[in-house]
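Residue-level structural notes
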Amino acid sequence: MNLAKTKLGEAAIKEAVKYILRDPEKNIPKLIRWGEKIAIREQDKKYIASIKKIFR
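Summary of the structure given here. (Residues numbered from 1 in each chain as written. Predicted model: local features only at pLDDT ≥ 70, side-chain atom pairs only at ≥ 80, totals over all residues. Heavy atoms only, no water.)

Considering the packing of helix α1 (residues 2–22) against helix α2 (residues 24–38)
Direction vectors running N to C along α1 and α2 enclose 140°, while the axes themselves pass 6 Å from each other. Here α1 is positioned oblique relative to α2, judged by the angle of their axes. Residues A16, Y19, I20, L21 and R22 of α1 lie in contact with α2, whose contacting residues are P24, N27, I28, K30 and L31. Broken down by class, the residue content of the contact of α1 with α2 amounts to seven nonpolar, one polar and two charged. (Axes fitted to C-alpha atoms, helices over the stretch in contact; angles between N-to-C directions. Helix = DSSP H or I, 4+ residues; strand = E, 2+ residues; numbered from the N terminus. Parallel < 35°, antiparallel > 145°, perpendicular 65-115°, else oblique. Contact = heavy atoms within 4.5 Å. Nonpolar A, V, L, I, M, F, W, Y, C, P; charged D, E, K, R; others polar.)

Below you can see the structure in the form of structure tokens.
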């Protein structure tokens, strides 16, 4: 199970990077909003809020 989660996470990161590189100005805010929706842990929510402030 842990290996599957690792592989899935790696694939998600690779796709996110490709997505950002296509049009960074348009896609970074979209990924931040996506991150806000899926964040579960309070610490993750704080990280996303900090990143969001940087890219405003």
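Here we look at the layout of surface pockets
Each pocket or cavity is described by its volume, and for the largest pocket that value is around 570 Å³. Along the wall of the largest pocket there are 20 residues; nearest its centre are L31, W34, G35, I38 and I48. Sorting the residues of the lining of the largest pocket by element identifies α1, α2 and α3 (42–54) as the ones contributing at least two each. In the lining of the largest pocket, the residues fall into 15 nonpolar, two polar and three charged. (1 Å grid on protein atoms, 1.4 Å probe; cavity = no way out; pocket = protein on both sides within 12 Å on 5 of 7 lines; lining within 4 Å. Points joined across faces, edges and corners; volume = space filled by probe spheres on them.)

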